2 protein chains.
Amino acid sequence: MTTNPSNQLWLYDTTLRDGTQREGLSVSIEDKLRIARRLDKLGIPFIEGGWPGANPKDVQFFWQLQEDPLEQAEIVAFCSTRRPNTNAADEPMLQAILAAGTRWVTIFGKSWDLHVTTGLKTSLEENLAMIRDTVEYLRSQGRRIIYDAEHWFDGYKHNPDYALQTLEAAVAAGAEWLVFCDTNGGTLPQEVTQIVESVIGHLSSMTNDQQQRTIPQIGIHTHNDSDLAVANAIAAVMAGATMVQGTINGYGERCGNANLCSLIPNLQLKLGYSCIGEHQLLQLTEASRFVSEVVNLAPDEHAPFVGRSAFAHKGGIHVSAVERNPLTYEHIQPEQVGNLRRIVISEQSGLSNVLAKARTFGIELDKDKPEARQILQRMKDLESEGYQFEAAEASFALLMYEALASRQLFFEVKGFQVHCDLIEGKESTNALATIKVAVNGQNILAAAEGNGPVAALDAALRKALVNFYPQLAAFELTDYKVRILNGHTGTAAKTRVLVESRSGQLRWTTVGVSTNILEASYQAVVEGLEYGLLLHSQAEAALRVSS
Amino acid sequence: MTTNPSNQLWLYDTTLRDGTQREGLSVSIEDKLRIARRLDKLGIPFIEGGWPGANPKDVQFFWQLQEDPLEQAEIVAFCSTRRPNTNAADEPMLQAILAAGTRWVTIFGKSWDLHVTTGLKTSLEENLAMIRDTVEYLRSQGRRIIYDAEHWFDGYKHNPDYALQTLEAAVAAGAEWLVFCDTNGGTLPQEVTQIVESVIGHLSSMTNDQQQRTIPQIGIHTHNDSDLAVANAIAAVMAGATMVQGTINGYGERCGNANLCSLIPNLQLKLGYSCIGEHQLLQLTEASRFVSEVVNLAPDEHAPFVGRSAFAHKGGIHVSAVERNPLTYEHIQPEQVGNLRRIVISEQSGLSNVLAKARTFGIELDKDKPEARQILQRMKDLESEGYQFEAAEASFALLMYEALASRQLFFEVKGFQVHCDLIEGKESTNALATIKVAVNGQNILAAAEGNGPVAALDAALRKALVNFYPQLAAFELTDYKVRILNGHTGTAAKTRVLVESRSGQLRWTTVGVSTNILEASYQAVVEGLEYGLLLHSQAEAALRVSS
């Protein structure tokens, strides 16, 4: 048993598995890949990708990561122990795990005698064999094992001797990590402290006695049913745990999992543990919003550290005090986690953000020239209308080119009409769109049908433009997301549409906002085509220069 | 200094003062009165009503409560100490406090030397005098005093001697409670434990030495900036605090205050403290939703203890286990806080889920009769098309009635047309919808405009039906959510729409799916109206029976 002299912690993200248990959250394989790559960039060392044995679709996700691996993170496959009275080698779930082809596998098993006898309906002895066999079999197939002890705290409270035997079985079979799961989320911090300390003591003496080759490290996996998930994880770390499991934005079943967006800054900035690089911590807020965007859930504005209101200040005295000395009203500097202080009444400038963002498009803006402030102002105006440029960088680039008077005019939409007709009992509803576009001073009218109004609009637009820009034929709309902004006004609410487009390997995202969902969609679709044409013309220009 | 042998805790609610600092939350005097009366019924002993010195409107709120007092709670007025270099008796803020006419007053003062010198710009000595004078003056006017030590933990960490002097000043002047405020929300639980224990030790020796008549009790007031507000309050209680300040639903500035809806069950059910009556605890979920209703914020479905998802279970094995022995998957019984176990209807659902779900609608299905399997099959078919009944329980209920051949036919939509026309440069795009509906064999045609196609459709439908069902006028569409199912097919993807409707306190959600976003919206809107009519007719039938 090692203590933690280096202060290094290993983060283990389970957004893609436990996080997706949240009611109302569902993700495509493409979404999962985008999130995995973002977490990889954030410096999370372990990313749990899914449970291929329960969810056959997950296998494809792991295969795609084999084709095009992550940069630094270990992608982990998750599975239960074998079922009672089977052979591990014959267990289809474990074959699915091997097919996923990951180096690391997380196996969860029962710690609580009650769950063994009434849930699994098997003997306590057989449960120990299930743990041992499963870990041993996967070790024999070259996998490294993280063992999740399900219902650890409840199990230990009811029958500590048996609970410890389950851990011993996992360790003897070669598990490298033991993770204490507060599966029902009912444990209090002082119980966590006490149990983790006492179990670490027991394991140390056990491994010393038996001269185990494998010395396990301890992890913690908490749920937020008592509003204590973050506190419980911190308590376990302070008692000696070195792996912290959680999810981005605390997504998870019921009340969610421990929120990594709260845990990382607490552990790293306040308690001095080392979790991710300092430059990566600066991306925390952006990563949180990226994930909420991809899973299509509104970000929690009041979320600690990363919420839009987390460093919002109201009231005159308060504001001038915080501007004189932020320490007086802020527990950390918002910039440390990539967030911003926000003065609620008077908008606070984020010029440095704009400059940084422009740089990602290869544009060096001069902060003393008026263009930079104009871009900021335009961005703020649009954001107050509901636009959002975090995920829609292509729309932001167009806005920048516009302000710099270098936006290329490929085409101009003069207007469109959409018509839908549904007759009850008829199988499908076709939509009809007509569009009027000007290219090089020439007006073109085109009409097209689609199996929905947005598809019809997209088809009409392409039909009008393809003779001028044949490269359009290769553009594909790969994703289309709709978010209602002010939900409480019902169907009269504002709608934000994000459209993701692709041409070969290139991908870009654009945004549109309107109370009319068709107009919002049209804006995003039109900018999507425009940005694609821009990318093509830039690529051609680059080719001309290099040849 | 008393310890807490009786395990009695005093709750102090500040929803009406600190809670209203939340961005986007605003309440009328009428709203505040409704909330105060609800909290009184819940058994909260101290309810902070406002700061009449800063908010003159608040005085009227206190007057109305003098006219028609609360049943058991003390209503408390809140104020800062007098300003530097003034007389307490001449301070208008303190006159406003006296005018409020409460028995109890909470006075907050500075504990942190930095805030005294750079915020108030006065001497450390004058700050002590401000605390002493203010408390003494209000005592001389017959008020009982709770002293809130602002920035207590930060102040104590920076200059413990001075921080203690501020407490001594308050105690010497007659404050009965000292409340430690973590104003910036940055303190960690172990720091709270350590500081509260050490300060209680100091105060005990001080009051023994000086033979103070008033023996102060200790309170805790925490904020959630580190996601630890609940843990910090619990830590303080375990270190000897006997008053717990917080807000309903954790409302408050930035990331919110300590959430009483989490604290009460943790303290009472898990730690054995006595906070409110057992029968009052049964009202906790309802009180939480009542307050969110009054302040017009959507309830947090994932809130610990009181959220709609807090005791939601997915998956067949899991569900049958929880029905056999709830302890296996629930940290408390949901009924203890007035919440409900909810069986989530999802992809993994088996027959036991359907039976359990039907029971929540008062329908006993026989699992051996074909209807139960038909419902499951129909549900699975629809789910494979992209429907999702997790959130759309009203649509599931309609499906059930359909299978049981007891779905009431209120109206039948024969068809609709939607037309949108956008001309570039024109400000807004109106949409026009026409609809054909049959009621009692009579065909009705109606047309309406809206600022988007769905709003137009909804308006046309209501226009067609309102003469037959005037109760429709009270239905409101409160939320509208759109999710694209197979994102990779772009704008031709399937769309799932969830519509939440309301009539008074009742809320229900319906779902629609189609490649055509308008058709999906139309399905959800139509079922939303149908289910509302069903609820009304059930309520009327119940009234007829009871009369």
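Residues numbered from 1 in each chain as written. Chains lettered and ligands numbered in written order. Predicted model: local features only at pLDDT ≥ 70, side-chain atom pairs only at ≥ 80, totals over all residues. Heavy atoms only, no water.

### Looking at the sheet that holds strand S15 (residues 495–503) of chain B
Residue and element names in this part refer to chain B. Read from one edge of the open sheet, three strands run S14-S15-S16, paired in antiparallel fashion. Of all strands in the sheet, those with a lone pairing partner are strand S14 (476–484) and strand S16 (506–514), marking the two edges. The average angle at which neighbouring strand axes cross in this sheet is 15°, direction not considered. Pairing analysis gives eight bridges linking S14 to S15, with the strands arranged antiparallel. When the bridges of S15 are listed, Val482 appears paired with Val497. (Pairing = 2+ DSSP bridges. Helix = DSSP H or I, 4+ residues; strand = E, 2+ residues; numbered from the N terminus. Axes fitted to C-alpha atoms, helices over the stretch in contact; angles between N-to-C directions.)

### Brief notes about unusual backbone geometry
Positioned with a positive phi, Asn85 of chain A is a non-glycine residue whose angle comes to about 55°. Among the residues examined, Asn85 of chain A registers a relative accessible area of 64% and is labelled exposed. Of note, the phi angle at Asn249 of chain B is positive, near 65°, even though the residue is not glycine. Along the chain, the position of Asn249 of chain B falls in the loop between strand S8 (243–246) and helix H10 (260–270). (Buried < 20%, exposed > 50% of the residue type's maximum accessible area, 1.4 Å probe, protein only.)

### A few points about the sheet that holds strand S14 (residues 476–484) of chain A
All names here are of chain A. The three strands lie next to each other as S14-S15-S16, forming an open sheet whose pairing is antiparallel. Looking at strand neighbours, the two that pair on one side only are S14 and strand S16 (506–514), the edges of this open sheet. With strand direction ignored, the average angle separating the axes of adjacent strands in the sheet is 15°. Across nine bridges, strand S15 (residues 495–503) lies against S16 in antiparallel orientation. Bridge pairing links Ser501 to Trp508 in S16. In the packing of helix H12 (residues 284–294) onto the sheet, contacts are made with S14 and S15, and the angle to S14 comes to roughly 100°. (Contact = heavy atoms within 4.5 Å.)

### Quick look at the side chain of Ser80 of chain B
All names here are of chain B. Along the polypeptide, Ser80 turns up in strand S3 (residues 74–80). Under the relative-accessibility criterion, Ser80 is labelled buried at 12%. Not counting residues up to four positions away in its chain, the partners in contact with Ser80 are Trp51, Met93, Leu94, Ile107, Phe108 and Thr134.

### What about the pairing of strand S12 (residues 431–439) of chain B?
Residues and elements named next belong to chain B. Sheet analysis places strand S11 (residues 412–423) next to S12, joined by eight bridges and oriented antiparallel. Following the sheet pairing, Gly415 is matched in S12 by Lys436. Once S12 ends, the chain turns through two residues before running back antiparallel as strand S13 (residues 442–450), passing Asn440 with a positive phi of about 50°.

### Section: the pattern of salt bridges
Counted by the stated rule, this structure contains 48 salt bridges over all chains. Arg502 of chain A is the partner of Glu476 of chain A in a salt bridge, and the nearest nitrogen-oxygen pair spans 3.3 Å. On the criterion of sequence distance, the pair formed by Glu476 of chain A in strand S14 and Arg502 of chain A in strand S15 is long-range, its members being 26 residues apart. Between Glu301 of chain B and Arg308 of chain B there is a salt bridge, with its nearest N and O atoms 3.7 Å apart. In this structure, a network of salt bridges that share partners links the residues Glu23 of chain A together with Glu301, Arg308, Arg342 and Glu393 of chain B. (Salt bridge = Lys/Arg side-chain N within 4 Å of Asp/Glu carboxyl O.)

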